[in-house]
Amino acid sequence: MEGSMSPFRRGKLIHRSFSGNDTIMKRDSSSNKGGRRMNLTQHLAEEVIRRLEKNIPFAMNMMDKRGMMIASTNPNRVGDIHSGAQEVIQRLETVIIDENNQHQFPNTKKGVNVPLYFDDKIIGVFGITGEPEEVLPIAKVLKVTVEIMIEQIFQEREQFHSEQMLQHWLQKLFHPLLVNEEEVVEDGKWLIPEEEAARYQIVLIQGEGASFHLRDIERQIARACPDILFITAFQKDEVVLCLKQEEPSMNQVRKLSIADFSVAVGTKELGILGMRKSYMYAKQLLTDVKEKGNPALVEDYKLEIVTAHIPREEMTHVFADEIKALNQLQEEYRHTLKMYIRQHFQLSSTAKALHIHRNTLNYRLEMIEKKVGLSPKNARDIFSLWLLLQHGT
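Residues numbered from 1 in each chain as written. Predicted model: local features only at pLDDT ≥ 70, side-chain atom pairs only at ≥ 80, totals over all residues. Heavy atoms only, no water.

**Let's talk about the overall build of the protein**
Defined as follows: Under the DSSP-based scheme used, a helix requires at least four consecutive residues in state H or I and a strand at least two consecutive residues in state E, with every element numbered from the N terminus. Partly exposed residues are those whose accessible area sits between 20% and 50% of the maximum for their type, while under 20% is buried and over 50% is exposed, using a 1.4 Å probe and protein chains only. By definition in these notes, contact holds between two residues if any of their heavy atoms fall within 4.5 Å. In these tables, accessible area is a Shrake-Rupley quantity obtained with a 1.4 Å probe, and a residue counts as shielded only by the protein chains included in the view.
Per the secondary structure count, the protein includes 14 helices and twelve strands. By the burial criterion, 50% of the 393 residues in the protein qualify as buried. When contacts within the protein are restricted to residue pairs at least 6 apart in sequence, those whose partners lie at least 24 apart make up 62%. About 20700 Å² of surface is accessible on the protein, with carbon and sulfur atoms providing 49% of the total.

So this is what it looks like as structure tokens:
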């Protein structure tokens, strides 16, 4: 919208949800109200007339501060100068046009013209055509209605721009290559009020069409974590949530459960760049953990995160023979090995989970040792096997 404020502005975060189309941020911008600017554009005026004409059986017009018609139930009048509206703007009061004074206002019809205000400043004129005694009460009501509609439309569009700015900033903050660290941090201060010792924790929700379920996701999360700084549809299949707590409760975070989606919780980190680090950890978890519903926390996957940083070239060089042999195994052997690790090397529970006899399980483990050269029943060997599976060999 023309004249709307930049969403890069400081605002006090509050503990209630302020919802937009694609982003939910907790912000109190009332302190900025006095500095807002609004131009009554043709597009905005047309939207107001369109909403009203369905229920109001009178001709209606909207004029800008020049007195020019910019929207009307009669499109042929758009672009004309309305002398009655010019009088309203000059006198800052309602002008009634009837058969006694109509000759004083060229290009007008009988009716009532009222000033429209936004933040105590006149932005245009609303006119309704008809016998004044009939339409005056309606004009008074519609004046208030139109001003409320303009405020609502302004809020909707301002929030939309804020959402766009937030998402654009997050794209830069979470980009694998942080090009301009100083710029990203400075921009972030306008969106995320900086507080000393503030810690942030990123939660990623991923799954097909996740962005289209933003409202449902927000409602489910709010039950477990009320202190949400923002939640936004970051990509088509990814929703980003930021928690801000002085002492985030791990028990609280563990209660997060989003049906049909994978959930990964990053580390608690200090400052805006810490938010980036938390996101990177959560993103890495999503590549390693495919389970849906219950959240995956860095706290529970420390070993996976550390070993993921081992260079793949180093792995393929050191374990060249083992990797080749492991890749040649039938899928049922690889699946057996994964289940054996998942069941904490317990033969009985592994056999039960695989729906096979314990003797069959022992046979498969022996075949893995024979073919790969690493024993699933030896501590060092099973760690090596787990490491190879983690690196996707």
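Still more ground to cover, so stick around.
**So, the environment of I382**
Locating I382 in the fold gives a position in helix α14 (residues 379-390). Once the C-alpha coordinates of I382 and L337 are considered, the two residues, 45 residues apart in sequence, prove to be 9.3 Å apart. Setting aside residues no more than four positions away along its own chain, I382 makes contact with L337, Y340, I341, F345, S375 and P376.

**Let's talk about helix α10 (residues 320-328)**
Every α-helical turn comprises 3.6 residues, leaving residues that sit three or four positions apart pointing alike. Under the convention used in this document: Think of the arc as the fan of directions from the helix axis to the C-beta atoms.
Among the residues of α10, E322, I323, A325 and L326 are the ones counted as buried. Along α10, the residues classed as buried sweep out an arc of 165° about the axis, all on the same side. Exposed residues on α10 whose side chains face more than 90 degrees from its buried face are D321, K324 and Q328. As for α10, its buried residues are in contact with α9 (312-318), α11 (331-342), α13 (358-372) and α14.

**What about empty space enclosed by the protein?**
To keep things clear, this is the line we draw: Only protein atoms enter the 1 Å grid, on which a cavity is a set of points fitting a 1.4 Å probe that cannot get out and a pocket is an open set with protein on both sides within 12 Å along at least 5 of 7 lines, lining residues being those with an atom within 4 Å of a point. Grid points are joined across faces, edges and corners, and a volume is the space filled by probe spheres set on the points. When residue character is reported, Ala, Val, Leu, Ile, Met, Phe, Trp, Tyr, Cys and Pro are called nonpolar, Asp, Glu, Lys and Arg charged, and the others, Gly included, polar.
By the definition in use, this model includes two cavities of 30 Å³ or more. Taken as a whole, the second largest cavity encloses approximately 50 Å³ of empty space. Looking at the second largest cavity, the residues that line it are N61, R77, H82, K109, K110, G111, V112, N113, G127, I128 and T129. Elements that contribute at least two residues to the lining of the second largest cavity include exactly β6 (111-118) and β7 (121-129). Classifying every residue of the lining of the second largest cavity gives two nonpolar, six polar and three charged.

**As for the pairing of strand β9 (residues 228-235)**
Rules: If DSSP finds at least two bridges between two strands, the strands pair.
Burial of β9 is extensive: seven of the eight residues sit out of reach of the surface. In this structure, β9 lies alongside strand β10 (residues 238-244), joined through six bridges in antiparallel fashion. Following the sheet pairing, F230 is matched in β10 by C242. Counted between consecutive antiparallel strands, the loop separating β9 from β10 contains two residues.

**Observations concerning unusual backbone geometry**
Within the chain, N107 stands out as a residue other than glycine whose phi angle is a positive 60°. Mapped onto the secondary structure, N107 falls in the loop between β5 (95-97) and β6. The exposure class of N107 is partly exposed, given its relative accessible area of 42%.

**Concerning the nonpolar core**
Operational definition: For this analysis, a nonpolar core means a set of buried residues of the types Ala, Val, Leu, Ile, Met, Phe, Trp, Tyr and Cys, connected via side-chain atoms within 4.5 Å.
If you look at the biggest cluster of nonpolar residues, it comprises 28 residues, and the most contacted ones within it are L52, M62, F126, I128 and I150. Contributing elements (two or more residues each) for this core: α1 (42-52), β3 (60-63), β4 (69-72), β6, β7 and α3 (132-173). Here this core takes eight residues from α3, the largest share from any one element.

**Side note on the pattern of salt bridges**
Applied cut-off: Each reported salt bridge corresponds to a side-chain nitrogen of Lys or Arg within 4 Å of a carboxyl oxygen of Asp or Glu.
Summed over all chains, the structure comprises eleven salt bridges. Note that R66 is salt-bridged to D64, the shortest N-O span being 2.6 Å. With a relative accessible area of 55%, R66 lands in the exposed category. Taking the relative accessible area as the measure of exposure, D64 reaches 8% and is therefore buried. Close ionic contact of E238 with K283 constitutes a salt bridge, the shortest N to O distance being 2.6 Å. A residue pair is termed long-range when its members are at least 10 positions apart, and E238 in strand β10 and K283 in helix α7 (residues 271-288) qualify at 45 residues. Using a relative accessible area of 26% as the deciding quantity, one classes K283 as partly exposed. Via salt bridges that share partners, E87, R91 and E93 belong to a single interconnected network.

**Observations concerning the packing of α1 against α3**
The description of two packed helices rests on the angle between their axes and on the distance between the axes. Quick note on the threshold: Each axis is a line fitted through C-alpha atoms, and for a helix only the stretch in contact is used; angles between axes span 0 to 180 degrees, taken between their N-to-C directions. To sort the angles, those under 35 degrees are grouped as roughly parallel, those over 145 as roughly antiparallel, those from 65 to 115 as roughly perpendicular, and the leftovers as oblique. The handedness criterion is simple: a crossing whose near helix is rotated anticlockwise from the far helix by less than a right angle is left-handed, and one whose near helix is rotated clockwise is right-handed.
α3 packs onto α1 with a crossing angle of 125° between their chain directions and a minimal axis gap of 11 Å. On the basis of their axis angle, the class for α1 and α3 is oblique. When the axes of α1 and α3 are compared, the crossing they make is right-handed. Residues H43, L44, E47, V48, R51 and L52 of α1 pack against L142, T145, V146, M149, I150, Q152, I153, E156 and R157 of α3. When its residues are assigned to classes, the contact of α1 with α3 shows eight nonpolar, three polar and four charged.

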